[in-house]
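# Structure assessment
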Amino acid sequence: MQRPGKGKTPRRPGPKKASNTERDPVGVYCRIRPLGSEDEECCVEMISSTTIQLHAPDGLKANRNGEYKETQYSFKKVFGINTTQLELFEDVAKPLVEDLIHCKNGLLFTYGVTGSGKTFTMTGSPGEGGLLPRSLDMIFNSIGPFQAKRFVFKPDDKNGMEIQSQVDALLERQKRDSQQAVPKTPSSRQKPDPEFADMISPDEACKSENVDEDGCYGVFVSYIEIYNNYIYDLLEDAPYDPIRPKPPQSKILREDQNHNMYVAGCTEVEVKSTEEAFEVFWKGQKKRRIANTQLNRESSRSHSVFTIKLAQAPLDADGDHILQDKNQVNVSQLCLVDLAGSERTNRTRAEGSRLREAGNINQSLMTLRTCIEVLRENQMCGTNKMVPYRDSKVTHLFKNYFDGEGKVRMIVCVNPNADDYEETVLVMRFAEMTQEVEVARPVDRPICGLAPGRRHRNQAFRDELSRRLEERGGPSNADDRVLMTQLIESLPDLPTCELVDPADDQTLPRMIEVLERRHQIRQMMTEQFNKTANTVKSMLQQFDSQLSAKDYFLHDQQSKLNEKDKVILSQKTEIERLEKKSKTLEYKIDILQKTTDMYEQDKRALQQELETREHRLQSELSERKRMEQRMQGAVTDTRLKWEKECERRVNAKQLEMQNKLWVKDEKLKQLKAIVTESSSGGSAPTERPEKPERPSRERDRNIQQKRSPSPSPLPKALPVHPKHRRSHSAGGEKWVDHKPPSNLELDTVMQPIIPNAIKVSTPSEKALSKCHKYVLRHQELASDGEIETKLIKGDVFKTRSGGQAVQFTDIETLKQVCPLAPSRKRRSGSAEGPAEGEDIENRAPAASTNSSHGYQKRRKP
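The notes below deal with the structure included here. (Residues numbered from 1 in each chain as written. Predicted model: local features only at pLDDT ≥ 70, side-chain atom pairs only at ≥ 80, totals over all residues. Heavy atoms only, no water.)

A few words on the overall build of the protein. Counting secondary structure elements, the protein contains 16 helices and 29 strands. When each of the 861 residues of the protein is scored for burial, the buried share is 35%. (Helix = DSSP H or I, 4+ residues; strand = E, 2+ residues; numbered from the N terminus. Buried < 20%, exposed > 50% of the residue type's maximum accessible area, 1.4 Å probe, protein only.)

In structure tokens:
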């Protein structure tokens, strides 16, 4: 018996990547599922076989420019709503199955939001088998005639494969058959679901034509799920304890001797047909965690990984048995991954465990996105950042594929419903980024040094030997043919028996020697047969004695069994009593459960009412704060308004009091003049003094004219405007009000107001062309230190050249005087002149005016 060989997963010769390694981008495909109903709004449009376009739905907030941006995304191929499962399989999964048969690894996973059709794409439905059952069907259709017997290949629990001899494999099969012969309880039998009995029609069966006929194959499947970032084996047959049920134990990831990641302790089942493989898959599918959410009635709450492992080893030189050489054994695997859909909790309304599941799902998908981003950055920018594979079990398990251990393909499933628009945009961005990642192309397996066609020649030899035995009337049974072949091969070959020379004395002796040797071999075989027969006879006698002992033992056991039956009968009575008690307790539990439900409903109702009142209280508090802010603003505005009004009234009252004081001063002056006249009546009784006049300002005006930088005097031909006329600003003409920016704002009660005026800081020809009058506001410092404002007015007329000119005609002056300032003394012919002028100068009015507008009009010399 030869020592069993151990196979290895195919890997490149060196751990380091060569600089000239050929790379292929990750193949990303898009599949659009049909809408749930015709009245749903669609946001996805298929433009071509490789491009789709996303439209923003109605009611969605526009971008910064106020427009809805339509985006386009390209894929390797886009499958519309009318695409069949067979078309999808031939374009996406069939090349991966071809590579699997040729000792190359592959990874295929579906990605998308919840309810986008990922599980349907991977598993399918009756009559519309998905990628998984079609891949299994193609594998067994291709390698069916070349499969090794069961248990020839055996996993070594270290991601490798051992090869057992024919005897060890036979013992394993007999052991399994003996275990299956024991009757099982009906609940422990796993029956295939009848709904999946016709997943694939015979017309849609696929087969690979390039299969190596000089090799033997073995198919092993495993099925795991990654739930809340823990790995669970869905094919593990854990003992069930009805009293104290134990939760399933999570598995850990390990690294084999070739630095490939695998799930330690995962169950790998050898299957020989598509039906058996899918039965194993459905056994694990029933254990997978699914739940009902607002967006999907059967939402996957975990990432599932179905692994198909294909072990293959070449035949020996005779083409009869598997070559027992561990270096010639290759193991390839295809991983079919159904990722759980990303979702937003505000839409699914997840709570409790569903909320925790959604958080773990989104976290693992975010880690996958981060790994893809770092890979793309390292490849495009030449950086060497560490890819965070270990942050999630999904990325850690498949990191070898992104490092160049096989092809990677992704199917992006899209739901065109407008409600999923925002989630679909994020999925499209991830798919667009994934296409930019390149994966090293896997190398081809080493070619076996044996001559091809060994299986075919061995089969032809067996057929010819069987035909000749049938012609001679020999045994035609296959086992007899094997025994006959072994017997013929065990005897020595006969030499040539042709005599051509009468003096030949060598041929006959050699023939006699060979025949004697054959006779000796036959005698030895006869003796060996007799010895074996005697041994078998003694063994049969021994078996008879053992059988009688067994009969006695069985009789003894039967008596014990009867006693046990009595005990069982008493126990059944006790069980019935306990069952009645259990029913009574269950009834009480139901009553308590209903009471608890009623209390829970009341609690939820009260809690909801409390939340409503709290929300109402918060809104009332916010409304009260806004009302307080508005009232504070209104109080501030009212206070400022009344302050201005009080200031205005105070100023008006002061002016009124000053005017009354001036009138009283005038009356006192007149009374003083009368008293003075009466006192001087003795000297000139017939002469009546003249009425005292206000002091003249002619001298001051002359002085101010010299100091003012006013325009040059007008020609003598201009008309002289009398002083008693009204200001030109009171008319209906249109004015240009030129106010330089250097002027100061004075707090005088009387302000120059010019209706129909165009206010400018710098005069322009355009403004002058629209008006008939011009006024310049000029400010200068008067002789008494006060600011004096002059309004220099003029007429606007057109020139011969088409321009505009201004002819100044008048000046109005506005001056503010402090009543407490020392006044200038007026000239007077009488002796009382200085005192009288001093009294007049100290009168109350604060402004020198010549009209009701508070202006002193002055003729331009």
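Right, picking up where we left off after that structure.
What follows covers empty space enclosed by the protein. Counted by the stated rule, this structure contains seven cavities of 30 Å³ or more. Each pocket or cavity is described by its volume, and for the largest cavity that value is around 80 Å³. In terms of lining, the largest cavity is formed by Leu107, Phe109, Val337, Leu339, Leu368, Val394, Thr395, Phe398 and Phe402. Among the secondary structure elements, those contributing two or more residues to the lining of the largest cavity are strand E8 (105-112) and helix H8 (393-397). Split into classes, the residues belonging to the lining of the largest cavity amount to eight nonpolar, one polar and no charged. Considered as a void within the structure, the second largest cavity measures approximately 60 Å³ in volume. Taken together, Ile226, Asn228, Asn229, Arg301, His303, Glu357, Asn360, Ile361, Ser364, Ser392 and Val394 form the lining of the second largest cavity. Considering each element in turn, the lining of the second largest cavity owes the most residues, four residues, to helix H7 (residues 353-381). Class assignment for the residues of the lining of the second largest cavity results in three nonpolar, six polar and two charged. (1 Å grid on protein atoms, 1.4 Å probe; cavity = no way out; pocket = protein on both sides within 12 Å on 5 of 7 lines; lining within 4 Å. Points joined across faces, edges and corners; volume = space filled by probe spheres on them. Nonpolar A, V, L, I, M, F, W, Y, C, P; charged D, E, K, R; others polar.)

Quick look at the sheet that holds strand E5 (residues 51-54) now. Pairing within the open sheet is antiparallel, and its three strands lie in the order E4-E5-E6. Both outer strands of the open sheet, strand E4 (44-46) and strand E6 (71-74), are each paired with one neighbouring strand and no more. Adjacent strand axes in the sheet meet at a mean angle of 25 degrees, parallel and antiparallel pairs treated alike. Sheet topology note: the E5/E6 ladder contains four bridges and is antiparallel. What sits directly across from Gln53, in E6, is Gln72. In the packing of helix H10 (residues 421-434) onto the sheet, contacts are made with E5 and E6, and the angle to E5 comes to roughly 145 degrees. (Pairing = 2+ DSSP bridges. Axes fitted to C-alpha atoms, helices over the stretch in contact; angles between N-to-C directions. Contact = heavy atoms within 4.5 Å.)

Moving on, we get to the packing of helix H3 (residues 131-143) against helix H5 (residues 274-285). Remark: H3 packs on H5, axes separated minimally by 9 Å, with the N-to-C direction vectors making an angle of 150 degrees. It follows from the interaxial angle that H3 and H5 lie roughly antiparallel. In the packing of H3 onto H5, the handedness of the crossing is right-handed. Contacts between H3 and H5 pair Leu132, Pro133, Leu136, Asp137 and Phe140 from the former with Thr274, Ala277, Phe278 and Phe281 from the latter. When its residues are assigned to classes, the contact of H3 with H5 shows seven nonpolar, one polar and one charged. (Parallel < 35°, antiparallel > 145°, perpendicular 65-115°, else oblique. Left-handed = near helix turned anticlockwise from the far one by under 90°.)

This part takes up the pattern of salt bridges. Summed over all chains, the structure comprises 30 salt bridges. Three or more residues are tied together by salt bridges with common partners; here these are Glu22, Asp24 and Arg441. (Salt bridge = Lys/Arg side-chain N within 4 Å of Asp/Glu carboxyl O.)

This part takes up the nonpolar core. By size, the foremost hydrophobic cluster in this structure holds 56 residues, and its most contacted members are Ile52, Phe75, Phe398, Val412 and Met428. Beyond its immediate stretch of four places on either side in the chain, Met428 contacts Ile52, Leu54, Tyr73, Phe75, Val412 and Val414. Judged by nonpolar contacts, the second largest core, of 43 residues, contains Ile101, Phe146, Tyr217 and Leu334. (Core = buried A, V, L, I, M, F, W, Y, C linked by side-chain atoms within 4.5 Å.)

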